[in-house]
Amino acid sequence: MTSRPSPSRPSPIAVVGVSTLFPGSLETTGYWRDILAGTDRITDVPPGHWLIEDYYDPDPKAPDKTYARRGAFLPEVAFDPMAWGIPPSTVPATDTCQLLALIVAQRVLEDAARGQFKYEDRERMSVILGVTSAQELLGSMNSRLQRPVWTKALRDMGLPEDEVQEACARIESHYCEWQEATFPGVLGNVVAGRIANKLDLGGTNCVTDAACASTFSALSMGVNELLAGTSDVVICGGADTMNDIFMYLCFSKTPALSKSGDCRPFSDQADGTMLGEGIGMVALKRLEDAERDGDRVYAVIRGVGTSSDGGGTAVYAPKPSGQAKALRRAYELAGYDPGTVELVEAHGTGTIAGDAAELEGLRTVFLEAGRAQQGERQWCALGSVKGQIGHCKAAAGAAGLVKAVLALHHKALPPTIKVERPSPVLDLERSPFYLATRARPWIRDDAHPRRASVSSFGFGGSNFHIALEEYTGAAAPALKRKGYPAELVVLTAESADALASDARALATELRATPEDADALLAFLAHDGQRRYRADAPHRLALVAERGDELATKLEKAAAKIAGAPFETPDGVCYGVGPAEGDVAFLFPGQGSQYRDMGAAVAMTWDEAREAWDAAASMRFEDGLPLHEVVFPRPVFDPEVEAAQEARLRATEWAQPAIGVTSLSLLALLKKIGLEPAAVGGHSFGEITALHAAGALDREAMIRVARRRGELMTEAAKTPGAMTAVSAPAEEVRAHLATWSTDRTAEAALAAKVVLANHNGPKQIVLSGPTDAIEAVEAKLASVKLRATRLPVATAFHSSVVSASTQPFAQFLSDVPVAATAIPVYGNTHAAPYPSGADEVRAIVAQQIAEPVRFVEMIEAMYARGARTFVEVGPGAVLTGLVGRILAGQPHRAIALDQKSRDGVTSLMHGLARLAAAGATMNL
C-alpha cells in the first residue's frame, strides 16, 4: 500500500538518485571532484560546435556576430544506438540532447535502484525535465528550408541556372535530410518522451520551459506529482546541449555575455556570463516511501518556493521583490527559519545586475531571520557553480541542485572560484552571506541538520527557491561518491616474478583503453584493496591520480621488482616478507597546526568528520566553535586573515585543534583495523596518545586539550619564546652552563633558558622568556650555531608556563581516567605511563613544565619492539625526527598528512607505505 501525503502536511521529498553529464566529466563523481577542486572547465569554443573565425567579432554591435569565443562544453560521449533500439540511420535526425538524456536517465535510475526497480510499479514512474523549447537540430532543419532564399539570391547575381542549382545542392548537403524521425527528433518534449519510451515508464512524461529556471519548474511539477499521489517515483532535472551559434547570438545581443571571456559570479571583475551545456537529473520519492523501501537518501527537499515578478520591469530584468516571494514561500513550506541555512547555491550568472538583484532578494529574506535580528552576520556560504561550467541555461538549476545535494551528502562546503575581491555592491560584510572561495568541511553541532538552498530565475520573471536538508533518518544512508583526488592500488603475489608480471599486464590493459583508464584506475583500486593480504610474500602499493599515471608507475615498478624492497617519493612502495616489529602511533604537539588541516579527509570520510562535529557541540567560554578557527570562513582582508592565523596559533585553540585533527585520522585508522602496539606523543600530543590508549574518552580529551591551553596562556604573563638549534644536546647544554655562570646581565638571562625539547641527535629546542631567548640566540650566533625562532604562542616546558601546573592538576582531578589498553610512552620519563589514574593525572599536569625527552622516548619504544612509527595528526614533523633518531637502524616513519599534498592524497601515500610494510589492515 503506497502512502499518500496529507494536504495540510506536505511530505518531505527524498532525493534517492543522482546522475550528471556536465563539462569536464561524464558522471557525477567527476563532477563533484571538479567542484571541490575548483576546476575551471571554461575553454575556447571547440570546432565541433562552430568556428570562431566564422562568427567571432570583438565588437558587440557587429551584425550576426558574437563577441564571445569561450564557453563550457561536454566531453565526447560514446553512444551505442543499437543498445537503445535506435536505428543508426535515424541518429542524424535526432537531437543530441534526446540521446544524451537517455544515458543520464538510465544512470539516475540505476543509482536509485540498487537493482530493486524491477520490482517497482513503472506505471507510476514519471519523467519531468526542464528543457527550453528550441533544440539545436531545429535550427539545422530550418536552415535546410532556406533553399528558395539561396536560389533567389544566386539568380539575382545573374548566375546560370545550372550553377544556381549546383550551389544550392552543395549548401543543402551540409544539412540532414528530412526523414520520418526528424519531426520527433527536433522536439524538446521528446527528450522526456524518449526516456519514458526506452525505460518503459508509465507515469507523466513532459518537459517544462521557464528559460534558465526550467529545471526548477520541472522539479516543482515533479514534487507536486508526488504530493498529489499521482506518481511514486519522478525523474526530474534539466537538459541543455544547445551551445550553437544561435544561442551565442541570443545572449550576445541581449547582451549578457562576458566581454573578458570569463564567468566570475559575485566578483568585482564580473562582466557577464559564459554559456555552458549539460544534463543533470535526480530521482525523487516521498520520504516516507523511501524509508519504507529502504532506499538510500542523498538529501531531503523540504520546500519548493515559486513566484513571478509581476509588473513594473522588463520581462528579462530580475526583480528582488519577486525573488524574495519565492524564498519566503520555500521556507514557509520547509517549516524553518533561513537563519538555519548555511549554504546557498545561487543562480549567480556573473552579470552585474543579475548578481546584485539576486543578493538583494536573498538579503531581504535572510535579514528577517532570528540570527540576523540578533545582530549576527555572514553565517551562510554563498556560491555559484557557473564560474566553473558556465551558465547551462535549462540545465543551470540541475547543476546547482546536484552541487547542493552532494554538499549535504558529503557534508562539505564547496568553493566558488574566480573571486579575488567581491563586488562592492554586494555589501557582504553587512549581509548574512560570505563567499565560499575554498572547500571546507561542513561541521555542525546537534542543534539542527545541515540545510542548503538553491535559487534559479528565468526570463519572464520566473523565480524558484529550493529548501534542502541533510537526511538524518533511519533509512540506509547513500553510499559516498568518493571522487578521490588520488587512488591507492595494491597488488600482492607469491613471488617477485608473479608480481612484476601482474604489474605489466595491468599497465598494458590501461594503455589499451586510454578513454577508460581513469575508470579502470578506480576499479583496480577497489579490487586491490579488497584483495589485500598483509601476509602475502610480495606486496606492491601505488598512488596515482590518473589511469595513464598508474600505467607508467606499474611499468617502472615491474622493471625494479627483484626481491629487494623499495619506495619512491611519488608513491610506489614494494615490500617483501612478513612485517617487521610492532606498529606505534605518534601524535604531534603544538606548532604542527595550520589552517584547514584535516579538511580534505573530513570532507571525504564521515568517520573523520564526526570528531569535528563532536567538538562543535562543545562550545568554549568565548562561544566560538573549534571548526571556525581551524576552517575559518574565507575573507578578503589581509588583516582579518592574519588575525585568523594568529588565533589558530594561540595555545588555547592550537592544542584542541591539533588534537581533533589527530582524532579524525585516528578514527580512520580504527575503521581499517590498524592497531598500534604502543603510542606516544610530543608535548601536547601525549594527551591524544592517552586517548588513543583508552585512558581518556573523546569528550574528556577535547576538554583537557582546551583547558591545558587556557591555563598555559593564563600562566604566561611573561612574554615567552622558543628557538630551535641544530646541534647536539650536550654541546648546547655546555654552552648554556658557561653563559649562565658569570655575573653579567646576559648571564642572568641565559640562566632562565632551558633545553625544553630534545627532538633529535642534532636538534634541540630552547625555551624561556623572550628577552632571554634573544640573548641566547645572539650567543649562539657568536659560536656559529644557527637558531630558528619557532612560531609558537609562548615558552612551553619552561618556567614561563609552570604556574599552570597546579590549576591544571586541580582540573584533572575531576576528569575520568581509565586504565590504558596499550603502553603510553611519556615525554618526561621516556617510559610507559604507570597504571594508576592519580599517577597519570600527576604526570600529565607536571608535563607542561618538564622537558620533552623525545629522543629517549623513541629509543625506548624501539627497544620494546616498535619498528613502524605512524604520525597521526597534522604535518610530518615527528616523522622527520624519528628518521633522524633511528638513522641507520631498520624502521619506518610514516606521516599521514603533509602540507605539500592534498590531505586525501597524503593519506593514500601513508597507507601505501603501510601496505608495502605488511601492516594488518582491512583496506
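Read on for an overview of the structure. Within any chain, residue numbers begin from 1 and follow the written order of that chain's sequence. Per-residue local features of the predicted model are confined to residues with pLDDT of at least 70, and side-chain atom pairs are confined, for both listing and counting, to 80 or more; whole-chain, interface and lining totals are unaffected and use all residues. Side-chain calculation: all heavy atoms of the structure are included, whereas hydrogens and water are not.

### A short note on the side chain of E628
Structurally, E628 can be placed in helix α22 (residues 626-630). The buried category is assigned to E628, whose relative accessible area is 16%. Here a polar contact is taken to be a pair of N or O atoms separated by no more than 3.5 Å, where protein atoms must pair a possible hydrogen donor with a possible acceptor and residues adjacent in sequence count only if both atoms sit in side chains. There is a polar contact of 3.0 Å between the side chain of E628 and the side chain of R633. What makes two residues a contact is simply this: any of their non-hydrogen atoms within 4.5 Å. Among all residues touching E628, those that are not within four sequence positions of it are R440 and R633. The way it works is that DSSP assigns letters per residue, a run of H or I at least four long becomes a helix, a run of E at least two long becomes a strand, and they are numbered from the N terminus. Exposed residues in this analysis have more than 50% of their type's maximum accessible area, buried residues have under 20%, and partly exposed residues fall in between, with area computed by a 1.4 Å probe over protein chains only.

### Comments concerning the pattern of salt bridges
A pairing counts as a salt bridge when a side-chain nitrogen of Lys or Arg comes within 4 Å of a carboxyl oxygen of Asp or Glu. The final tally for this structure, using the stated rule, is 53 salt bridges. Residue D111 pairs with R296 through a salt bridge whose shortest N-O separation is 4.0 Å. Separated by 185 residues along the polypeptide, D111 in helix α3 (residues 96-113) and R296 in the loop between α11 (287-293) and β8 (299-308) bring together distant segments of the chain. In this structure D111 comes out as buried when scored by relative accessible area, which is 13%.

### Observations regarding the packing of helix α17 (residues 496-512) against helix α19 (residues 547-560)
Packed helices, taken two at a time, are described by their axes: the angle between them and the distance between them. The axes used here are C-alpha line fits, helices contributing only the stretch in contact, and every angle between their N-to-C directions lies in the interval 0 to 180 degrees. The geometry of α17 relative to α19 is characterised by a closest axis approach of 8 Å and an angle of 150° between their N-to-C directions. Classified by the angle between their axes, α17 and α19 sit roughly antiparallel to one another. When you trace α17 past α19, the crossing you get is left-handed. From α17, A500, A503, R504, L506, A507, L510 and R511 reach across to α19, where they touch G547, D548, L550, A551, T552, L554, E555 and A558. Tallied by class, the residues present in the contact of α17 with α19 amount to 9 nonpolar, 2 polar and 4 charged. By the definition adopted for this analysis, an angle is roughly parallel if under 35 degrees, roughly antiparallel if over 145, roughly perpendicular if from 65 to 115, and oblique otherwise. In this scheme, a crossing is called left-handed if the near helix is turned counterclockwise away from the far one by less than a right angle; it is called right-handed if the turn is clockwise. Each residue receives one of three labels: charged for Asp, Glu, Lys and Arg, nonpolar for Ala, Val, Leu, Ile, Met, Phe, Trp, Tyr, Cys and Pro, and polar for the others, Gly being one of them.

### Looking at the pairing of strand β6 (residues 233-240)
β6 sits mainly inside the fold: 8 of its 8 residues count as buried. Burial along β6 is two-sided: the residues V233, I235, G237 and A239 and V234, C236, G238 and D240 are all buried. Where strand β4 (residues 125-130) meets β6, 6 bridges bridge the pair, whose relative direction is parallel. Bridge pairing in β6 places M125 opposite V233. Strands were regarded as paired on the criterion that DSSP finds at least two bridges between them. Pairing of β6 with strand β7 (residues 278-286), which is carried by 7 bridges, proceeds in the antiparallel orientation. Opposite G237, over in β7, you have M281 as the bridge partner.

### Some points on the sheet that holds strand β27 (residues 866-871)
Taken in spatial order, the 5 strands of this open sheet run β26-β21-β20-β27-β28, and their pairing is parallel. In the strand order of this sheet, the two ends are held by β26 (824-825) and β28 (892-895), each with one partner. Across the sheet, helix α25 (residues 685-692) touches β20 (582-587), β21 (678-681) and β26, and the angle it forms with β21 is around 160°.

### Observations regarding the sheet that holds strand β22 (residues 720-725)
Pairing within the open sheet is antiparallel, and its 4 strands lie in the order β23-β24-β22-β25. Edge strands, defined here as strands with exactly one partner in the open sheet, are β23 (754-760) and β25 (787-789). Going across the sheet, the axis of each strand differs from the next one's by a mean of 25°, ignoring polarity. In terms of strand pairing, β22 meets strand β24 (residues 763-769) through 6 bridges, oriented antiparallel. Residue pairing in the sheet places V725 in a bridge with I764 of β24. The strands that helix α27 (residues 729-739) touches are β22, β23 and β24; relative to β24, the one it contacts most, it runs at about 30°.

### Re the environment of H347
Mapped onto the secondary structure, H347 falls in the loop between β9 (343-345) and α13 (352-366). Under the relative-accessibility criterion, H347 is labelled buried at 7%. As a C-alpha pair, H347 and A750 span 403 residues in sequence and 63 Å in three-dimensional space. For H347, the residues in contact, after removing those within four places along its chain, are C212, E358, S384, K386, H391, S455, S456 and F457.

### Observations concerning helix α4 (residues 136-144)
Among the residues of α4, those classed as buried are L137, S140, M141 and R144. The buried residues of α4 occupy an angular sector of 95° when projected down its axis, which confines them to one face. The directions from the helix axis to the C-beta atoms form the arc being described.

### Details of unusual backbone geometry
Here T254 and P255 are connected by a cis peptide whose omega angle stands at -10°. Along the polypeptide, P255 turns up in the loop between α10 (245-252) and β7. Phi at D200 is positive, roughly 60°, even though this residue is not glycine. Along the chain, the position of D200 falls in the loop between α8 (190-198) and β5 (205-208). Positive phi is not limited to glycine here, since D427 has a value of about 50°. Among the structural elements, D427 can be located in the loop between β11 (412-413) and β12 (433-435). Judged by relative accessible area, which is 26%, D427 ranks as partly exposed.

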